[in-house]
Each structure stands twice: as C-alpha cells, then as structure tokens.
Amino acid sequence: MEAIKNRYEFVVLFDVENGNPNGDPDAGNAPRTDAETGLGIVTDVCLKRKIRNYVEIVKEGEPAYNILIKTDRSLNDKFAEAYEKKGIDAKKKNADDIAAAREYMCSNYYDVRAFGAVMSTGSNPCGIVRGPVQLNFARSIDPVFPQEMTITRQAITDSDKFKENLDKNGVLTEMGKKNIVPYALYRAEGYVSAMLAQKETGFSEADLELLWDALINMFEHDHSAARGKVCVRKLIIFKHESPLGKAPSVILFDKIKISKRSGVEYPRSYGDYIVDIDREEIPGVELIEKL
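Residues numbered from 1 in each chain as written. Predicted model: local features only at pLDDT ≥ 70, side-chain atom pairs only at ≥ 80, totals over all residues. Heavy atoms only, no water.

**So, the environment of P31**
Next up, step 1: One can find P31 in strand β3 (residues 30-31).
Next up, step 2: Looking at P31, the relative accessible area reads 6%, which means it is buried.
Next up, step 3: Sequence separation of P31 and F145 is 114 residues, and the distance between their C-alpha atoms is 9.3 Å.
Next up, step 4: Among all residues touching P31, those that are not within four sequence positions of it are N20, N22, G23, P146, N179, I180 and V181. (Helix = DSSP H or I, 4+ residues; strand = E, 2+ residues; numbered from the N terminus. Buried < 20%, exposed > 50% of the residue type's maximum accessible area, 1.4 Å probe, protein only. Contact = heavy atoms within 4.5 Å.)

**Examining the packing of helix α2 (residues 75-86) against helix α3 (residues 95-108)**
Next up, step 1: Between α2 and α3, whose axes approach to 9 Å, the crossing angle comes to 110 degrees. The pairing of α2 with α3 is recorded here as roughly perpendicular in orientation. Residue-level inspection shows K78, F79, E81, A82, Y83, K85 and K86 of α2 in contact with α3, the latter providing I98, A100, A101, E103, Y104 and M105. (Axes fitted to C-alpha atoms, helices over the stretch in contact; angles between N-to-C directions. Parallel < 35°, antiparallel > 145°, perpendicular 65-115°, else oblique.)

**Considerations on the environment of D97**
Next up, step 1: Among the secondary structure elements, D97 is positioned in helix α3.
Next up, step 2: Expressed as a C-alpha distance, the spacing of D97 and P125, which sit 28 residues apart in the sequence, is 9.6 Å.
Next up, step 3: Residues contacting D97, with those up to four places away along its chain left out, are I88 and K92.

**Description of the packing of helix α1 (residues 44-58) against helix α7 (residues 205-217)**
Next up, step 1: The N-to-C vectors of α1 and α7 enclose an angle of 110 degrees; their axes lie 9 Å apart at closest approach. What the angle tells us is that α1 and α7 run roughly perpendicular. The two elements α1 and α7 cross, and the hand of that crossing is right-handed. In this structure, α1 uses I51, Y54, V55 and V58 to contact α7, whose residues at the interface are L210, L211, D213, A214, L215 and N217. (Left-handed = near helix turned anticlockwise from the far one by under 90°.)

**Some words on α2**
Next up, step 1: The end-to-end C-alpha distance of α2, which contains twelve residues, comes to 17 Å, matching closely the 16 Å that a straight helix rising 1.5 Å per residue would cover.
Next up, step 2: All of the buried residues along α2 are K78, F79, A82 and Y83. One side of α2 carries all its buried residues, which in axial view fall inside an arc of 150 degrees. Exposed side chains of α2 directed beyond 90 degrees from the buried face belong to E84 and K85.
Next up, step 3: Backbone geometry just after α2 places G87 at a positive phi near 70 degrees. (Expected span 1.5 Å × (residues − 1). Arc of directions from axis to C-beta.)

**Some thoughts on α7**
Next up, step 1: Counted at 1.5 Å a residue, the expected span for α7 with its 13 residues is 18 Å, and the 18 Å between its end C-alpha atoms agrees.
Next up, step 2: Considered for burial, the residues of α7 that qualify are D207, L208, L210, L211, W212, A214, L215 and I216.
Next up, step 3: On its buried face, α7 is in contact with β1 (8-19), α1, α4 (110-115), β7 (133-135), β10 (175-192) and β11 (229-240).

**Focus on unusual backbone geometry**
Next up, step 1: With a phi close to 50 degrees, N18 is a non-glycine residue in the positive phi region.
Next up, step 2: Note on placement: N18 falls in strand β1.
Next up, step 3: Look at N18 and you get partly exposed, because its relative accessible area is 42%.
Next up, step 4: Non-glycine residue N29 carries a positive phi angle of around 65 degrees.
Next up, step 5: With respect to the helices and strands, N29 occurs in the loop between β2 (23-24) and β3.
Next up, step 6: Of the residues examined, N29 reaches a relative accessible area of 42% and is grouped as partly exposed.

**Observations regarding the nonpolar core**
Next up, step 1: The biggest cluster of nonpolar side chains holds 44 residues, and the ones touching the most others in it are F14, V192, F203, L211, W212 and L215.
Next up, step 2: Among the secondary structure elements, those contributing two or more residues to this core are β1, α1, α4, β7, β10, α6 (194-201), α7 and β11.
Next up, step 3: Here this core gets seven residues from one element, more than from any other, and that element is α7.
Next up, step 4: What V192 contacts, discounting residues up to four positions off in sequence, is I4, N6, R7, Y8, F10, P132, V133, F203, L208, L211 and W212.
Next up, step 5: Listed in part, the 16 residues of the second largest apolar core include A82, I88, Y109 and C126. (Core = buried A, V, L, I, M, F, W, Y, C linked by side-chain atoms within 4.5 Å.)

**Looking at the pattern of salt bridges**
Next up, step 1: This structure, assessed with the given rule, holds 23 salt bridges.
Next up, step 2: Across the pair D34 and R139 runs a salt bridge, and its minimum N-O distance is 3.2 Å. Of this pair, D34 sits in the loop between β3 and β4 (39-42) while R139 sits in strand β8 (residues 138-143); the two residues are 105 residues apart in sequence, bridging distant segments of the chain.
Next up, step 3: According to the relative accessible area criterion, D34 is buried, its value standing at 18%.
Next up, step 4: The shortest N-O distance in the salt bridge between E289 and K234 comes to 3.0 Å. Linking E289 in strand β14 (residues 285-289) with K234 in strand β11, this pair joins segments that are 55 residues apart in sequence.
Next up, step 5: The class of E289 is partly exposed, set by a relative accessible area of 33%.
Next up, step 6: Given the relative accessible area of 16%, K234 is considered buried.
Next up, step 7: Shared partners join several salt bridges into a network, and the residues in it are E56, K70, D72 and K78. (Salt bridge = Lys/Arg side-chain N within 4 Å of Asp/Glu carboxyl O.)

Here is the structure:
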C-alpha cells in the first residue's frame, strides 16, 4: 500500500468520571499529576497501549495488523521470525539483510508502521524505525483532586488470613483502597508525519483511517472498575495539503481553546466546559472534526 501524502496534527479531548485514567506505580497507582500545577497527566505510552489494544480487537488475525508490543512472546523471538520468513542467515547478515528484516516488521506490525520501534536487540536485529505517529502527554484542563476511597474486600486468597479477618458475626473486615479522579477533561495532541511514513514505515491511508477510528474508540473496549467512565469527547484533525505541511503545529493547536463555563468552579461534566475552535482558514490546512 502507498504511504500517506499529507501531514496531520490532531487534538483528542477525553474525560474521566470517578476513575483512574492512568495510575502511577511509583505512587501506589494514584492518578498521575503534575506536582507543580496539579494538572492530571496521562502518558503517551498509556494512549498508545489503548490504540494497540483496539487495533488488535478489530483486526485480529488479519495480515499486516499484528501488534509487536504486547506480552505474548519476547521481542527477540519476533525479530528472529522476520529472519526466518525472509530466509536470512543471521550469522551471515549484512546491512541489506537487516533492511529486509526491518521491512518485514513494518509490513506485518501495525504499531511498528505507526509508532516505530527499536528492534536492534538480540542476534537477529531488525534496526530502528522512527514512526510517523507521535503523541504528547495528555494533560487535564484544570487541576485534579485525586481521592483515595476505602473499600471492603470480600475475596481473600489465603485461608489463614481469611479466618483472621472474620469479625464476631462472621463478616469479613479487611479493607482496601481505590484511587479516583471525581472528574477531569484531558487534552492530548499528536502528529502524523508523511515524510516519515514515506521514508521509514509505509504508513498508509488505510492505516491512517484505522488510527482515527482507534482514537475515537480506544476507551470503548477498555472499561474497568478501576478506570471508571472514560470517554473520548472530540477528535479534531488538521490536514495539510502537502507532506511537509503549511503551518507550524503550535499555531494549529492554539486554534482550540477550552474554558470553564461561567459560574462553574468545580467541573463535574463535559457540559461544564466550552470548546472554542477558531475556524479562520489557514491556507493549505483543512480542519476536520471526526467527533
């Protein structure tokens, strides 16, 4: 398939209600926050995981849509498979062989075509690929106030511990903790480089449409008791008429302003915000709203 010919930037707005969109394992899995501003954070790694998971669900078993970064096999085993499929002897490999193995990885793994990968490990290296799709950390529009809720635990795995936690009425008394953000609206910004798609991975128009679909639906198959109600609210895309682009990304991102409605001190719903989009045309750039 032919690589994309247009540069893109995009903005995704998503919110969380009574959930933890991205816990920090170094902080007891509390919601990530900026220590100075109190703004909530969702990492790019977290968002890419949601995209990978969605692609795997909708394209499971289809050629060219495997996912490299997941916990099924070691990466080195997958790199070795590329050598095997290409008929390359790893002991006699040269630069052309590594390039052929890299091309195999790009052709067969969607996340390599999209995000790139470091595949230079082990005895079957497949090189390093810079991906055309990149995302920034998502940040909340306003400071978040994570809350640690105490919950009772009704299922105990250890039999001795089970007996220890029964009160005089035979009721379990063990407690647990649950971290939530009562409400927050997050903004994530991203980029799609046509130049890297053409020179590095072959990221195609079909891949691009799948990316938009994944961004819109990335939380729809990821609901859990821990994450609460997480929903994508808006996807705004800036399409350039050329591979190099017609305007700096920062100018395009600044066309989207988000503010609280008058009288709202503590937002508790998407309707508490106003999303203002400057629709004044920039020559060579088309604004597209997918949601």
